[in-house]
Amino acid sequence: MIRVLYWCVAAVLLGVLALGFTGAWLEAGDSFAVIRAPVVLVTLAWLALGRWARWVGALPILAVLAAMGPVGWASIRPELPGATPLSVYQKNMLYRIDDLAELEADIRAQAPDMVTLQEVTPGNRALLGAIIDILPHQQYCSGSRVGGVAVASRWPVVTGSGTCAKGLAAMQVQAPDGPLWVTSVHLHWPWPYGQRGQAARIMSDIRALEGPRVIGGDFNMVPWSYTMREFQRQTDTKRAGRSRPTFPEFGLPIDHVLVPKGRGAATELRPLAGSDHRGLLVRFASDAAAATPDSKRISHQSSRP
């Protein structure tokens, strides 16, 4: 009886682990990918309780350890921002934040070239006005009850490039190495909360923005998921630097910055500053050859704070 129970629990754990690799076929697969690390630890602990190695050898344990490969690589991948990097400060502000002073001070201290924000509400939108002296070019797009999204930059905006869509704010700026799209996204929680469909719509909108793109956002998804791999493929970008646990309540890396392919990058965690998400400062290599001067835009709907 004990052996039967052992096998049943082991089968369930291995099944949950396997489901985390099915995101390309099952929307629920990415939800299981989110919990891959704790499932691996629990599975290894459970296997250690039995005489698994005597029964079938070390293969199952090696397979479980291999499942952690993408998680480990995301945390240790090389970081090479280049000699004169560009910088972006990514932050989910939290819709109910009531004191903006610490966040404003940290943005000023880091002096980023660009800022990407989520959960921007009528109440905390004052931050955009507070930093307008250092990041004067801004695009705000209203959103759901938890707020909209916004971007800001020190560089001038390409006239008429301001773009809004549900969960998306974008504008094209005249960066030192040529036109560059600065984009902020906020995805829903994963299945069963509709993330897959929303991500597909936003990816389609971003693909219509011709030219190199920087995409900062609260993706509510981990780097090793199908959704994040597909987002990078569809937008011709790559996730910058190592993954960082930006959502400390569960230790999850769900806030990311995507930069043009071929550019090295480095990441740094910033304080909570009144939010439930930590900020993320990314420095990435400037590369004039990566810029596309003849850039276009999709439908625009612009507003300034």
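Use the structure listed above.
Residues numbered from 1 in each chain as written. Predicted model: local features only at pLDDT ≥ 70, side-chain atom pairs only at ≥ 80, totals over all residues. Heavy atoms only, no water.

**Overview of the state of the cysteines**
(1) Moving on: Using the criterion set out here, one finds 1 disulfide in the structure.
(2) Moving on: Residue Cys141 pairs covalently with Cys164 via a disulfide, S to S 1.8 Å. Between Cys141 and Cys164, the S-S dihedral sits near -85°, and the bridge is therefore left-handed. Highlighted residues: Cys141 in strand E3 (residues 137-144) and Cys164 in strand E5 (residues 163-165), separated in sequence by 23 residues. Neither residue differs from the other here; Cys141 and Cys164 are each classed as buried. (Disulfide = S-S within 2.5 Å. Helix = DSSP H or I, 4+ residues; strand = E, 2+ residues; numbered from the N terminus. Buried < 20%, exposed > 50% of the residue type's maximum accessible area, 1.4 Å probe, protein only.)

**So, helix H2 (residues 27-34)**
(1) Moving on: In terms of residue burial, H2 counts as a mostly covered element, since 6 of its 8 residues are buried.
(2) Moving on: Those residues of H2 lying buried are Ala28, Gly29, Asp30, Ser31, Ala33 and Val34.
(3) Moving on: Looking at the buried side of H2, the elements it contacts are helix H1 (2-19), helix H3 (36-49), helix H9 (195-207) and helix H10 (226-235). (Contact = heavy atoms within 4.5 Å.)

**So, the nonpolar core**
(1) Moving on: In this structure, Val185, Ile206, Ile215, Phe219, Val222 and Phe231 are the most contacted members of the largest nonpolar core, which totals 22 residues.
(2) Moving on: Broken down by element, this core gets its largest block of residues, 4 residues, from H9.
(3) Moving on: Residues contacting Val222, with those up to four places away along its chain left out, are Ala33, Val34, Met228, Leu252, Pro253, Ile254 and His256. (Core = buried A, V, L, I, M, F, W, Y, C linked by side-chain atoms within 4.5 Å.)

**Brief notes about the layout of surface pockets**
(1) Moving on: In this structure, the largest pocket occupies an estimated 1,100 Å³ of space.
(2) Moving on: Elements supplying a minimum of two residues to the lining of the largest pocket: H2, E3 and strand E4 (147-153).
(3) Moving on: When residues of the lining of the largest pocket are assigned to their parent elements, the largest contribution, 4 residues, is made by E3.
(4) Moving on: When grouped by side-chain class, the residues that make up the lining of the largest pocket number 20 nonpolar, 13 polar and 7 charged.
(5) Moving on: Empty space within the second largest pocket amounts to approximately 220 Å³.
(6) Moving on: In terms of residue class, the lining of the second largest pocket is made up of 7 nonpolar, 5 polar and 5 charged. (1 Å grid on protein atoms, 1.4 Å probe; cavity = no way out; pocket = protein on both sides within 12 Å on 5 of 7 lines; lining within 4 Å. Points joined across faces, edges and corners; volume = space filled by probe spheres on them. Nonpolar A, V, L, I, M, F, W, Y, C, P; charged D, E, K, R; others polar.)

**What to know about the side chain of Ser225**
(1) Moving on: In this structure, Ser225 sits in the loop between strand E8 (213-218) and H10.
(2) Moving on: Residue class for Ser225 comes out buried when judged on its relative accessible area of 0%.
(3) Moving on: When residues no more than four places from it in sequence are discounted, the contact partners of Ser225 are Asp30 and Ala33.

**Comments concerning the pattern of salt bridges**
(1) Moving on: Within the structure shown, the criterion is met by 11 salt bridges.
(2) Moving on: Residue Asp236 pairs with Lys261 through a salt bridge whose shortest N-O separation is 3.6 Å. With Asp236 in the loop between H10 and strand E9 (237-239) and Lys261 in the loop between strand E10 (255-260) and strand E11 (265-269), this residue pair connects regions lying 25 residues apart in the sequence.
(3) Moving on: Looking at Lys261, the relative accessible area reads 46%, which means it is partly exposed.
(4) Moving on: Members of the salt-bridge network, linked through shared partners, are Asp106, Glu268, Arg270 and Arg283. (Salt bridge = Lys/Arg side-chain N within 4 Å of Asp/Glu carboxyl O.)

**So, the packing of H9 against H10**
To describe two helices that pack against each other, one gives the angle between their axes and the distance between the axes.
(1) Moving on: Between H9 and H10, the shortest axis-to-axis distance is 9 Å and the interhelical angle comes to 15°. Here H10 runs roughly parallel to H9, going by the angle between their axes. The element H9 and its partner H10 pack so that their crossing is right-handed. Residue-level contacts link Gln195, Arg196, Ala199, Ile202, Met203, Ile206 and Arg207 of H9 to Tyr226, Thr227, Glu230, Phe231, Gln234 and Thr235 of H10.
(2) Moving on: Residue composition of the contact of H9 with H10, grouped by class: 6 nonpolar, 4 polar and 3 charged. (Axes fitted to C-alpha atoms, helices over the stretch in contact; angles between N-to-C directions. Parallel < 35°, antiparallel > 145°, perpendicular 65-115°, else oblique. Left-handed = near helix turned anticlockwise from the far one by under 90°.)

**Describing empty space enclosed by the protein**
With a probe scaled to a water molecule rolled over the atoms, the places where space remains empty come into view.
(1) Moving on: Overall, the coordinates contain 2 cavities of 30 Å³ or more when judged by the stated rule.
(2) Moving on: A volume near 40 Å³ is recorded for the largest cavity.
(3) Moving on: As for the largest cavity, its lining consists of Arg239, Ala240, Arg242, Ser243, Arg244, Asp255, His256, Val257, Thr267 and Leu280.
(4) Moving on: Among the elements that take part in the lining of the largest cavity, E10 stands out by supplying 3 residues, more than any other.

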